[in-house]
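Letter by letter, the chains look like this.
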Amino acid sequence: MGTIDDSELLRSMLAGDEEALALLYQRRQGAIYRFALQMSGSKAIAEDVTQEVFLFLMREGHLFDPAKGSVSAFLFGVARNHVLRRLRVEQLLSPLGDDADQEGPCLLEELTRAETIESVRKAILSLPAKYREVVVLCELQDVSYEETAEILGCAIGTVRSRLHRARALLLAKLRPAEVEDADSTAVKSARCFA
Amino acid sequence: MNDERFDETMLTRALQALAAEMEQLSTPPEIETKLLDAFRAQQHATLGRQVSSRYWWAAAVAAMLLIALSVVAIRWRSEGVNDIRQTQTTRQVSPEPVKDVEHRAENVTPKRPTRKRIRPIESRRPQNTEVANHAAREIATDFIPLSYMNLVSLQDGGQIVRVELPRSALVNFGLPVNMDRYNEKVKADVLLGVDGLAHAIRFVQ
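Residues numbered from 1 in each chain as written. Chains lettered and ligands numbered in written order. Predicted model: local features only at pLDDT ≥ 70, side-chain atom pairs only at ≥ 80, totals over all residues. Heavy atoms only, no water.

### Some thoughts on the overall build of chain B
Across its full length, chain B carries five helices and six strands. Reading the secondary structure of chain B in the N-to-C direction produces α-α-α-β-β-β-α-β-α-β-β. Within chain B, buried positions represent 31% of all 205 residues. In chain B, once contacts between residues fewer than 6 apart in sequence are set aside, the share between residues at least 24 apart is 66%. Working note: accessible area of chain B is about 13900 Å², and carbon and sulfur atoms make up 56% of it. (Helix = DSSP H or I, 4+ residues; strand = E, 2+ residues; numbered from the N terminus. Buried < 20%, exposed > 50% of the residue type's maximum accessible area, 1.4 Å probe, protein only. Contact = heavy atoms within 4.5 Å. Areas by Shrake-Rupley, 256 points an atom, 1.4 Å probe, with all protein chains shown as cover.)

### A closer look at the overall build of chain A
Scanning chain A from N- to C-terminus turns up nine helices and zero strands. Ordered by position from the N terminus, the helices and strands of chain A form the series α-α-α-α-α-α-α-α-α. Of all 194 residues assigned to chain A, the portion counted as buried reaches 48%. At a minimum sequence separation of 6, the contacts of chain A that also span at least 24 residues come to 65%. Within the structure as shown, chain A displays about 9500 Å² of accessible surface, and the carbon and sulfur contribution to it stands at 51%.

### Topic: the packing of aromatic side chains
Residues and elements named next belong to chain A. One pass over the full model with this rule turns up four aromatic pairs over all chains. Ring plane angle 40° and centroid distance 6.3 Å describe the contact between Phe56 and Phe74, whose orientation is recorded as tilted. Taken together, the residues Phe56 in helix α3 (residues 43-60) and Phe74 in helix α4 (residues 71-90) connect sequence positions 18 residues apart. With relative accessibility at 19%, the residue Phe74 sits in the buried group. A network of ring pairs unites the aromatic residues Phe56, Phe64 and Phe74 as a single cluster. (Phe/Tyr/Trp six-rings, centres within 6.5 Å; stacked < 30°, edge-to-face > 60°.)

### Section: unusual backbone geometry
A negative phi holds for most residues other than glycine; trans holds for most peptide bonds. Residue Asp142 of chain A is not a glycine yet carries a positive backbone phi of 60°. Tracing the backbone through its elements, the reader meets Asp142 of chain A in the loop between α7 (129-140) and α8 (145-152).

### Quick notes on the environment of Ala169 of chain B
Residue and element names in this part refer to chain B. With respect to the element layout, Ala169 can be found in helix α5 (residues 168-172). Ala169 sits in the buried class, given a relative accessible area of 1%. Spatially, the C-alpha atom of Ala169 lies 9.8 Å from that of Tyr182, the residues being 13 residues apart in sequence.

### Overview of the environment of Val120 of chain A
Inspection of the secondary structure assignment puts Val120 of chain A in helix α6 (residues 113-125). Put simply, Val120 of chain A and Lys173 of chain A are 53 residues apart on the chain and 9.1 Å apart in space, counted from C-alpha to C-alpha. Here Val120 of chain A is in contact with Leu174 of chain A together with Ala14, Leu15 and Leu18 of chain B, once residues within four sequence places are set aside.

### Thoughts on the packing of helix α2 (residues 18-40) of chain A against α4 of chain A
All names here are of chain A. The contact between α2 and α4 brings their axes to 10 Å, and the two run at 30°. Compared by their axis directions, α2 and α4 come out roughly parallel. Like other packed secondary-structure pairs, α2 and α4 cross with a definite hand, here right-handed. Contact with α2, carried on its side by Arg28, Ala31, Ile32, Phe35, Ala36, Met39 and Ser40, involves Ser72, Leu75, Phe76, Ala79, Arg80, Val83, Leu84 and Leu87 of α4 and no other residues of that element. (Axes fitted to C-alpha atoms, helices over the stretch in contact; angles between N-to-C directions. Parallel < 35°, antiparallel > 145°, perpendicular 65-115°, else oblique. Left-handed = near helix turned anticlockwise from the far one by under 90°.)

### Focus on the interface of chain B and chain A
Contact with chain B, which involves 29 residues of that partner, is made by 37 residues of chain A. For the chain B and chain A pair, buried surface summed over both sides reaches about 3100 Å², with 68% attributable to carbon and sulfur atoms. If you sort the residues of chain B by the area they bury against chain A, Leu15, Leu35 and Phe39 of chain B come out on top, with a joint share of 20%. Linking chain B with chain A are two salt bridges. In this structure, the salt-bridge partner of Arg167 of chain A is Glu8 of chain B, at a minimum N-O distance of 3.0 Å. Summed over the shared surface of chain B and chain A, the result is nine residue pairs in polar contact (both at pLDDT 80 or more). (Buried area = accessible area lost by both parts, 1.4 Å probe. Salt bridge = Lys/Arg side-chain N within 4 Å of Asp/Glu carboxyl O. Polar contact = N/O pair within 3.5 Å; in protein donor to acceptor, adjacent residues only side chain to side chain.)

### Points about the confidence of the model for chain A
All names here are of chain A. With 78% of its residues at a pLDDT of at least 70, chain A reaches an overall mean of 81. In this model residues 95-105 is a low-confidence stretch, pLDDT under 50, and it forms 12 contacts with partners more than four residues away in sequence or in other chains. Confidence drops under pLDDT 50 across residues 180-194; counting only partners more than four residues distant or on other chains, this segment forms five contacts. (pLDDT = per-residue confidence, 0-100.)

### Some words on the pattern of salt bridges
Under the counting rule described, the total for this entry stands at 12 salt bridges over all chains. With its nearest N and O atoms 2.7 Å apart, the salt bridge here joins Arg27 of chain A to Asp6 of chain A. Taken together, the residues Arg27 of chain A in helix α2 and Asp6 of chain A in helix α1 (residues 6-14) connect sequence positions 21 residues apart. Judged by relative accessible area, which is 29%, Arg27 of chain A ranks as partly exposed. Arg162 of chain B serves as the salt-bridge partner of Asp189 of chain B, at 2.4 Å between the closest nitrogen and oxygen. With a gap of 27 residues between them, Asp189 of chain B in strand β5 (residues 185-193) and Arg162 of chain B in strand β4 (residues 158-166) connect regions that are remote in the sequence. Among the residues examined, Arg162 of chain B registers a relative accessible area of 25% and is labelled partly exposed. Connected through salt bridges with shared partners, the residues Asp6, Arg27 and Arg28 of chain A form a single ionic network.

And the structure:
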């Protein structure tokens, strides 16, 4: 059963095979959940989106066209739509951006690995959605440029340019903290000596 | 330039670390349970829809068959009526129409044979009904129903056909017969409905 590809599983599922759904879910839920979590920063939204994606697959799975891409890309596309809709509804985009901007000078202040990762995570969440999704897909989900282009419905060149821009934005958000790091250390030292 | 490369490298490492940290994250098991429950419910609903749609199809086919059979029956009946009308026309023309009517009259059990009062034909002539015999001096019995008389079938009109019957036919309707004239014939008006069937008869003198 493990060698059956996603398209076959989807076909079986649409024919009423519950085991096929279970297998497809176990195979793809992690990536969808992580994508939604990395896009929204909210576990609740990520869980809801994952559930909605598979419910959509159960009801509208016949919309999948193998000629247009893989089942994985189809699921990511559905997840993306759900995430963006949820983010629009809950207006999480701008507060996250503002928070990140406010926290910008303090990023990477602590040089522990966990905090660095957390800073990067926050920096990703502060990106505009169109840059965030390419970072999440290409950098975090390890999805190919081609598949990302299928998911986003744009050209591969667009994916590359957005990713380049997204990385630049991330660096811009993370770099000032590092630049200031020396100054703040000096200030701290001065304060300590004071 | 070196600083920038370092930053790029650092960013890549941080992204990889973030991806690795989140790699094991997955949805809680309740979601899978909920999904499978929803899937089962959907399958039941789909099955129910299929069954009900089969019933609908069966009902539709049955209705179509019923309509087709009704159409055939109506045609068959109307053709029968046309045949009867044609036969009646022939009877009116032919010299021996009486025997058929006689036969029919013999087979029918009269339902109201008790009304034997004879009245002038003019006084109880129904409106819009053609009178077979315009002779004012004729007297006739009331119409005696030959079978169950549906008034609805007479509302659209009817036809009275004058026939001759053996006097012995009067016995069948409970009318007195003069045995001296037993072999003679008696005139009668047969009331035909639009369906071509004889509904009533009256005897004329």
